[in-house]
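Observations on the model geometry
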Amino acid sequence: MADSTPPLTWLRAFEAAARHLSFTRAGEELALTQSAISQHVRALEAHLGQPLFHRDHRQLRLTEAGRLMVPDVAAGLGLLGQAARRFREDPTRQHLRIASSASVAHHILAPHIAGFAAQHPNIVLDLRTAVWPDDVLTTAADVEVRFGSADMVAQDAIRLDPSFLVAVATPALAKTDKAGKPVPLIQPVGLSTTWADVRKNAAADIRVDTHGLAVDLACRGAGIALTHNLIAAEAVRAGHLTRIDLPEIAASEGYYVAVKSPAVNDLAPAFAEWLRGIAADIG
């Protein structure tokens, strides 16, 4: 039976176009013309017998088949790249690849990662960030830090605890809110709990795509952010934000750490355990 695996050039074109949602930008990345990328994708679609993109007024959107295909293609290309990198990397130093949500990277890893590096002086850390959960899953990594509910993040992941929601604002805005004056409310999308669950008849005035951005906006006095306690913890500890006096809010979604290749990289379990300890300390 003939091999049904499509050519690598088609898969690379598809993965780049799916990541950028643009044939032009994919072509710039791969040093190909926009037309060449489009032809490679159409050839792949013909090979598979179904469309991978909706092409609406020059705007690309993934079809359901395209969305399902992205993680496997990206992971496969990542493994191929990893195999090639082994011949270029310094064999005397151990590499650890971490894929994380942008919020965890900026608000948990950035303030503390030097401590882990100091414990492992002969390590090279490769940190990759993403906004959406699917983006983390498409990155070839030894450790993944995912956001979602328990049934979304897979059984191989362990939650970072404590895990609950907080409402935070600058001390000045917290006083304004306590006085009963209106203050803008900030809400991350993708969160099951909303302001309506926290305050009667309340609704978000500002919606953002990450918990980290919600915290950053709150720090700049844009409003009160409903966000995850681990992401707000450093700003609260530094005095930039204060928690609004509300009962502890249960979180349906949380941050989870998963070790992808413990047999290949023995630093991965050590990093996961270190991260769980950091979360326990700051939470």
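Residues numbered from 1 in each chain as written. Predicted model: local features only at pLDDT ≥ 70, side-chain atom pairs only at ≥ 80, totals over all residues. Heavy atoms only, no water.

**Observations concerning the packing of helix α5 (residues 102-119) against helix α10 (residues 229-237)**
Just so we agree on the cut-off: Working convention: axes come from line fits to C-alpha atoms, limited for helices to the stretch in contact. Angles between N-to-C directions cover 0 to 180 degrees. Runs of H or I in DSSP of at least four residues are treated as helices and runs of E of at least two as strands, each being numbered from the N terminus. The scheme is simple: roughly parallel for angles under 35 degrees, roughly antiparallel for over 145, roughly perpendicular for 65 to 115, oblique for anything else. Put simply, a crossing is left-handed when the front helix is turned counterclockwise from the back one by less than a right angle, and right-handed when it is turned clockwise. When checking whether two residues touch, look at their non-hydrogen atoms; a contact exists if any pair is within 4.5 Å. Side-chain classes are defined by residue name, with Ala, Val, Leu, Ile, Met, Phe, Trp, Tyr, Cys and Pro counting as nonpolar, Asp, Glu, Lys and Arg as charged, and the others, Gly among them, as polar.
At a minimum axis distance of 9 Å, the contact between α5 and α10 shows a crossing angle of 45°. As judged from the angle between their axes, α5 and α10 are oblique. α5 and α10 meet at a crossing whose hand is left-handed. Residues S103, V104, H107, I108, P111 and H112 of α5 touch α10, and the partners they reach there are L230, I231 and E234. Each residue belonging to the contact of α5 with α10 can be placed in one class, and the counts come to 5 nonpolar, 3 polar and 1 charged.

**Here's the deal with the packing of aromatic side chains**
Definition in use: Only centres within 6.5 Å qualify two rings of Phe, Tyr or Trp (six-membered ring in Trp) as a pair; their planes then separate them into stacked at under 30 degrees, edge-to-face at over 60, and tilted for everything else.
All chains considered together, the criterion is met by 6 aromatic pairs. Residues F116 and F271 carry aromatic rings whose centres are separated by 5.1 Å and whose planes lie at 85° to one another, so their mutual orientation is edge-to-face. Taken together, the residues F116 in helix α5 and F271 in helix α11 (residues 267-282) connect sequence positions 155 residues apart. An aromatic cluster is present here, built from F14, F23 and F53 joined pairwise through their rings.

**Observations regarding the nonpolar core**
Burial of nonpolar side chains together is a common tendency in soluble globular proteins. The cut-off we apply is this: Buried Ala, Val, Leu, Ile, Met, Phe, Trp, Tyr and Cys residues form a nonpolar core when they are joined through side-chain atoms within 4.5 Å. When accessible area is computed with a 1.4 Å probe and restricted to protein chains, residues below 20% of their type maximum are described as buried, those above 50% as exposed, and intermediate ones as partly exposed.
Ranked by internal contacts, the top residues of the largest apolar core, which has 53 residues, are L96, I108, L160, I224, F271, W274 and L275. A per-element tally of this core places α11 first, with 9 residues. Setting aside residues up to four positions removed in sequence, L275 forms contacts with I108, L109, V145, L160 and V257.

**Section: helix α7 (residues 171-178)**
The periodicity of an α-helix, 3.6 residues per turn, causes residues three or four positions apart to be oriented the same way. Our working definition: The arc in question is the one spanned by the directions pointing from the helix axis to the C-beta atoms.
For α7, the complete set of buried residues consists of L173, A174 and D177. Viewed end-on, α7 has its buried residues packed into an arc of 105°, placing them on one side of the element. Facing away from the buried side of α7 by over 90 degrees, the exposed positions are A172, K175 and K178. On the buried face of α7, the contacting elements are β7 (164-169), β10 (224-228) and β11 (242-243). Phi turns positive, to about 85°, at G180, one or two residues after α7.

**Re the sheet that holds strand β4 (residues 123-130)**
So the rule is basically this: Paired strands are those between which DSSP finds at least two bridges.
Pairing is mixed in the open sheet, where 5 strands are placed in the order β4-β3-β5-β13-β6. What marks the edges here is a single partner per strand, and that holds for β4 and β6 (157-159). Neighbour-to-neighbour, the strand axes of this sheet turn through a mean angle of 20°, independent of strand direction.

**Remarks on the environment of I37**
Along the polypeptide, I37 turns up in helix α3 (residues 34-48). Through-space distance from the C-alpha of I37 to that of A16 is 9.0 Å; in sequence the pair is 21 residues apart. Among all residues touching I37, those that are not within four sequence positions of it are A13, A17, F23, A26, G27, L30 and L32.

**Overview of the pairing of strand β3 (residues 94-101)**
Our working rule: Orient the strands so they point away from the viewer, and a crossover whose first-strand-to-second-strand path over the helix runs clockwise is right-handed.
Of all 8 residues in β3, 7 are buried, a share of seventy percent or more. Running through α5, the crossover from β3 to the neighbouring parallel element β4 is right-handed. Pairing analysis gives 3 bridges linking β3 to strand β5 (residues 143-148), with the strands arranged parallel. Residue pairing for β5: I98 is matched across the bridge by V143.

**Considerations on the environment of R220**
Positionally, R220 belongs in the loop between α9 (211-219) and β10. Assessed through its relative accessible area of 76%, R220 is described here as exposed. Here the alpha-carbon distance between R220 and T170, two residues 50 residues apart in the chain, equals 7.8 Å.

**Considerations on α10**
Of the positions making up α10, those classed as buried are N229, L230, I231, A232, A233 and A235. With its phi angle positive at about 85°, G239 sits one or two positions after the end of α10.

**Considering the pairing of strand β13 (residues 254-259)**
The buried fraction of β13 amounts to 5 of the 6 residues, a majority that puts the element mostly inside the structure. Across 6 bridges, the pairing between β5 and β13 is antiparallel. Following the sheet pairing, V143 is matched in β13 by V259. Looking at chain direction, β6 and β13 are connected through 3 bridges and run antiparallel. Opposite A157, over in β13, you have A258 as the bridge partner.

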